[in-house]
Every structure is written in structure tokens, then in C-alpha cells.
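Each chain is listed here by its residues.
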Amino acid sequence: MKQYFSFLLLLLLFSTFISSILSLSIHNIQQNEPATTTQTTVSFNNYSLVIQFPKSLCDNPKYGRKCDGLWKLELPNKFTVHGLWPNFGSNREPAGPGVKLDVHQLITKDKILANNLYNSWPDVYFDSKGKGGTVKQNLKQQAAWEFWGREWKKHGDLSGLSPEDYFRTTYSLYDDLENIYEDFKTNGLINMQGRINVNLASQRLEIILHGKPFIKCVTNKLNMELLAEIHIAYRRSDLMRLPHSDSKSRNHNCSSDIAYLRV
């Protein structure tokens, strides 16, 4: 009988010892495991290419930023890129995977792409700080880099594209567009005072884009509504243009049908 109880005692001690070893091992494994992500991937089907009219935005300073007076005179009379945005609809945008953008590597790797981006995707709120020549050009490029970086962090990182593909795709979609401002002007949509009927503008855009976009207006300090942005939808799978989801009930957010689009 004593031998039996001794055997049970030894078995209990051995069991406790093994349990302690296993517990310690699991703890050590957990301590050395990489952090698991808690982000939820939300799918999307469409992109929005957002283009902006720089001189409208210069008349509507936001985020505490103003256009440099001389830079405003140099801004092109055309729509430029704001960004390519994944359209999550009513779903909340998830956190991006955190892919960092190395702008310097991007522009040195492909000089042609870099030049195209400088011409199509400037920072509207660039400030020359009273400088000229090479210094001004360097400041302008740096401002563009920072703008691209903000767009990548907020939208590109969620796009499912690598940084290089994101910027290449954005430029390609933009480059495929006509000069919309010139088209409006040629077709008599903009009067001498720079007024434009946004419904007529939307109808014209449907013809030239083969898809209904969404027009966004902003209001300046004089309470004038300015046509500032055009949002064009593309199907993610094949980049085919689509009617923009925001344009189903109304084709613009302006309070009236008349806005300003002037240089």
C-alpha cells in the first residue's frame, strides 16, 4: 500500500513539473511571437480619381494654408491631380498596412514618371518663401513630394497597389483625360465672368468621360461657390470608367446650379 501511495505522489509531482515546463515554454513562445495585426481588411470595388482646379482652391484657403501670390499666377489653367482614392462606400476606411513611400527612390528610378508627376500633381498651396531660381524649383519639388506622401499615407496605402504602381496608375488615368477646362471653355460653358452651370458641366463630362462624375464645390470668403474638384470613378478590376457612386442622387454638392470656374 505504501508503495502504491509513493507511486501516486511521484506521479503527481512529475505531472506538476511537466505542466510548469509546458506553461513556461508557451509563455516564452508568446513573448517571442511577432505582434499580430488587428486591422480589418475592408474590400472595395472602385477607385475615385480626384482632380482639382488649382485656382479655385487658391481662392479658398483651407487647413491654414494659403497660395503664394506669385505661384498662383504660375498655376496651370487646367485640372491637376489630387489623388487616387479607394472608394469604400459606407464602409469605414481600414488602417493601411503601413507601406512606407520612399519618394526619392521613386523619382530617381523613373525620371519620365517623375517629370509627369511634377507637371500633373503639384502642391496647390506651394509657398516659394520669396525665393527664385533653383531654390524655388527645389522648394516646389519638395512641396510636391510632401503632397504625394500625404496622399499615399491616406489613400495609396489602402489601394492594394505598390507605391510605384499607385503613382504610375494615377498618372496614366489622368493622362487619358482631355483638358477638361479647355473643353468647357471651347463649348461655351464658362461665361466672361467665369460662371458655369454645374448641371451642364456634368452633362458635358458624361459625354467626354463616358461615365457620370461627381462635382465638388467650395465656398470662398466672398461666399462665392467655386467648382473645385471632379471625382471620376473607375472599376478596380479593369479600370473602366463608371458613374460615380456619389452622383446617383445628385451630380454635385453645390448649393445652387451655378458656380465659378475662372483663371
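Residues numbered from 1 in each chain as written. Predicted model: local features only at pLDDT ≥ 70, side-chain atom pairs only at ≥ 80, totals over all residues. Heavy atoms only, no water.

According to the UniProt record, the Sequence similarities (unreviewed entry) comment for the protein is "Belongs to the RNase T2 family." (UniProt positions renumbered as here; feature names shortened; annotations may be inferred.)

Peer 1: Teacher, can you tell me more about the packing of helix α5 (residues 111-120) against helix α7 (residues 163-175) here?
Peer 2: Each pair of packed helices can be described by the angle between their axes along with the distance between the axes. Running from amino to carboxyl end, α5 crosses α7 at an angle of 55°, the nearest separation of the two axes being 10 Å. In terms of axis orientation, α5 runs oblique to α7. The handedness of the crossing between α5 and α7 comes out as left-handed. Contacts between α5 and α7 involve L113, N116, L117 and S120 from the first element and F167, R168, Y171 and Y174 from the second. Its residues placed into classes, the contact of α5 with α7 shows five nonpolar, two polar and one charged. (Axes fitted to C-alpha atoms, helices over the stretch in contact; angles between N-to-C directions. Helix = DSSP H or I, 4+ residues; strand = E, 2+ residues; numbered from the N terminus. Parallel < 35°, antiparallel > 145°, perpendicular 65-115°, else oblique. Left-handed = near helix turned anticlockwise from the far one by under 90°. Contact = heavy atoms within 4.5 Å. Nonpolar A, V, L, I, M, F, W, Y, C, P; charged D, E, K, R; others polar.)

Peer 1: What am I meant to see in the packing of aromatic side chains here?
Peer 2: Taken as a whole, this structure holds 11 aromatic pairs when the rule is applied. A ring pair is formed by F53 and Y181, whose centres lie 5.1 Å apart and whose planes are at 25°; its orientation type is stacked. Of this pair, F53 sits in the loop between β1 (46-52) and α2 (54-58) while Y181 sits in helix α8 (residues 180-186); the two residues are 128 residues apart in sequence, bridging distant segments of the chain. Of the residues examined, F53 reaches a relative accessible area of 0% and is grouped as buried. The exposure class of Y181 is buried, given its relative accessible area of 6%. Ring geometry for W148 versus F167: centroids 6.3 Å apart, planes at 55°, classification tilted. (Phe/Tyr/Trp six-rings, centres within 6.5 Å; stacked < 30°, edge-to-face > 60°. Buried < 20%, exposed > 50% of the residue type's maximum accessible area, 1.4 Å probe, protein only.)

Peer 1: Please clarify how the environment of A228 should be interpreted in this entry.
Peer 2: Its place among the elements puts A228 in strand β5 (residues 225-235). By relative accessible area, A228 is classed as buried at 0%. For the pair A228 and L57, spaced 171 residues apart in the sequence, the C-alpha separation amounts to 6.2 Å. When neighbours within four sequence positions are excluded, A228 is seen to be in contact with I51, Q52, F53, S56, L57, F79, K216, C217 and V218.

Peer 1: Just checking my understanding: could you explain the environment of K216 for this structure?
Peer 2: Along the chain, K216 turns up in strand β4 (residues 214-219). For the pair K216 and Q52, spaced 164 residues apart in sequence, the C-alpha separation works out to 9.2 Å. Here K216 is in contact with L226, L227, A228, E229, H231 and N253, once residues within four sequence places are set aside.

Peer 1: It is not clear to me how the pairing of β4 should be interpreted in this structure. Could you clarify?
Peer 2: Direction of pairing for β4 relative to β5: antiparallel, over a ladder of six bridges. Of the residues in β5, the one forming a bridge with K216 is E229. (Pairing = 2+ DSSP bridges.)

Peer 1: What exactly am I supposed to notice about the pairing of β1 here?
Peer 2: In summary, the side chains of a regular strand alternate between the two faces of the sheet. Across the seven residues of β1, six count as buried, placing the element largely inside the fold. One ladder, built from seven bridges, connects β1 with strand β2 (residues 80-87); its direction is antiparallel. Bridge pairing in β2 places N46 opposite N87. Across seven bridges, β1 lies against β5 in antiparallel orientation. For I51, the partnering residue across the bridge sits in β5 and is I230.

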